[in-house]
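These are the residues of each chain, in order.
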Amino acid sequence: MKTIVLKIDPEHLDLEKIRIAAKIIRDNGLVAFPTETVYGLGANALVDEAVLKIFKAKRRPADNPLIVHIADKDDVNFLAEEIPSEAEKLIEKFWPGPLTLLFRKSEIVPDVTTAGLATVAIRMPSHPIAKILIEESDVPIAAPSANLAGRPSPTSAKHVLADLGGTVDAVIDGGEITYGVESTVLDLTAKPPTVLRPGPVSVEELRKIVGEVEVHPVAEAKLPAEKAVAKAPGMKHRHYAPKAKIIVVEGELERVCQKVQELADARRGSGKVGILGTRETSDRYRADVVKIMGDRKDPRTIAKNLFKLLRELDSEGVDFAVVEGIEPAGIGLAVMNRLRKAASHHIVQV
Ligand code: AMP
Ligand code: MG
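On a predicted model such as this, the values are computed, not experimentally measured, just so you know. (Residues numbered from 1 in each chain as written. Chains lettered and ligands numbered in written order. Predicted model: local features only at pLDDT ≥ 70, side-chain atom pairs only at ≥ 80, totals over all residues. Heavy atoms only, no water.)

Section: the overall build of the protein chain
Part 1: On a plain count of helices and strands, the protein chain comes out with 11 helices and 16 strands.
Part 2: In terms of overall dimensions, the protein chain is globule-like: its C-alpha atoms have a radius of gyration of 20 Å, near the 20 Å expected for 350 residues.
Part 3: With the principal axes as the frame, the protein chain shows a C-alpha extent of 55 × 50 × 35 Å.
Part 4: Expressed as a percentage of its 350 residues, the buried residues of the protein chain come to 57%.
Part 5: Sequence-distant contacts in the protein chain: of pairs separated by 6 or more residues, those separated by 24 or more amount to 67%.
Part 6: Entry remark: accessible area of the protein chain is about 14,600 Å², with carbon and sulfur atoms responsible for 50%.
Part 7: Here the protein chain carries 49 positive and 50 negative side-chain charges, and the mean point of each set is 5 Å from the other. (Helix = DSSP H or I, 4+ residues; strand = E, 2+ residues; numbered from the N terminus. Rg over C-alpha atoms; globule rule 2.2 N^0.38 Å. Buried < 20%, exposed > 50% of the residue type's maximum accessible area, 1.4 Å probe, protein only. Contact = heavy atoms within 4.5 Å. Areas by Shrake-Rupley, 256 points an atom, 1.4 Å probe, with all protein chains shown as cover. Lys, Arg positive; Asp, Glu negative; His and termini not counted. Charge placed at Lys NZ, Arg CZ, Asp CG, Glu CD.)

Digging into the pattern of salt bridges
Part 1: One pass over the full model with this rule turns up 23 salt bridges.
Part 2: For the salt bridge of arginine 104 with glutamate 82, the shortest nitrogen-to-oxygen distance reads 2.8 Å. Of the two residues, arginine 104 sits in strand E5 (residues 99–104) while glutamate 82 sits in the loop between helix H3 (76–79) and helix H4 (85–94), which places them 22 residues apart along the sequence.
Part 3: In this structure glutamate 82 comes out as partly exposed when scored by relative accessible area, which is 47%.
Part 4: In this structure, glutamate 254 and arginine 284 form a salt bridge, with 2.9 Å as the shortest nitrogen-oxygen distance. Linking glutamate 254 in helix H9 (residues 253–266) with arginine 284 in the loop between strand E13 (273–277) and strand E14 (289–292), this pair joins segments that are 30 residues apart in sequence. (Salt bridge = Lys/Arg side-chain N within 4 Å of Asp/Glu carboxyl O.)

Observations regarding the side chain of arginine 340
Part 1: Among the secondary structure elements, arginine 340 is positioned in helix H11 (residues 331–342).
Part 2: According to the relative accessible area criterion, arginine 340 is buried, its value standing at 1%.
Part 3: Ignoring sequence-local partners within four residues, the contact set of arginine 340 consists of Glu220, Ala221, Lys222, Val248, Glu250, Pro328, His345, His346 and Ile347.

Shown next, in the form of structure tokens:
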């Protein structure tokens, strides 16, 4: 298959190109497109045949459910069976934006989309290209991250083409994304509401709106999901893993820095060794490859670069990498969730 690349400036939307993509969605094809979190791989969420193509292209296990993207808040009403009162407050505050809400699903949502679950995950993205693509397609769009299953999520069209070029109908290249980590997933069918995946909307912000909010052990990702009670489907699967073997070091900063260097030194001479540090610490490190994830003072910069750097470890042939952990608060919890999984939960606490 030849993949069409549609380059679109999010600030000057080219409606003709958007309509080419929307027609592909309506014809049950696959379109990868930018959102404010990461690039998504979209198909008509209400048609089995279209949704199955997503699973096939990504080689995604069929028991890993998809998020349904909408462009109008009111569309929740026909996709969800029951809208709890907390939902209205959260939608008012955070939509459009990087918060996915879990509801009991309505009949109209096919089982393939939700991987056979009785719940449906719904989000209204704020990215102008995502919004207009959904509007022009005139259907809700199921869209997981546009990477091969198990690989780091894509934060550029280049990443999408590296994983899915030749297997999807079109990729919209809309340039940079805003956050770089996937949406926060909040289960509203649980009491109290429970975060299943940390993301750009922090647990602290959610608590301000709805009071008590629990964080599922899977969201912390300190343990492999199969050990952390499997209530979060899809989360048991291998994630974000580059080919390099990764170790994350967490704890008090000074000791973390020492441990990172010590672990890198111990591997010297046995393959290419990398270190992922931060702006404040990277000068201190010596290894074959040293990369800066971002500023500790502004963890959003770390979130934004994370997946790109994990991909770079592979393209530069790094065999073993030590990563400096950051404080698991705010968007930092989302970063640590991705890092702990990328490391297959190989965590050193100092
Ligand atoms: P992705 O868009 O690739 O980041 O994947 C979407 C993720 O959302 C899945 O891996 C699940 O963890 C989560 N998700 C989607 N639908 C549900 C659901 N009905 N119940 C629990 N988690 C869900
Ligand atoms: Mg994904």
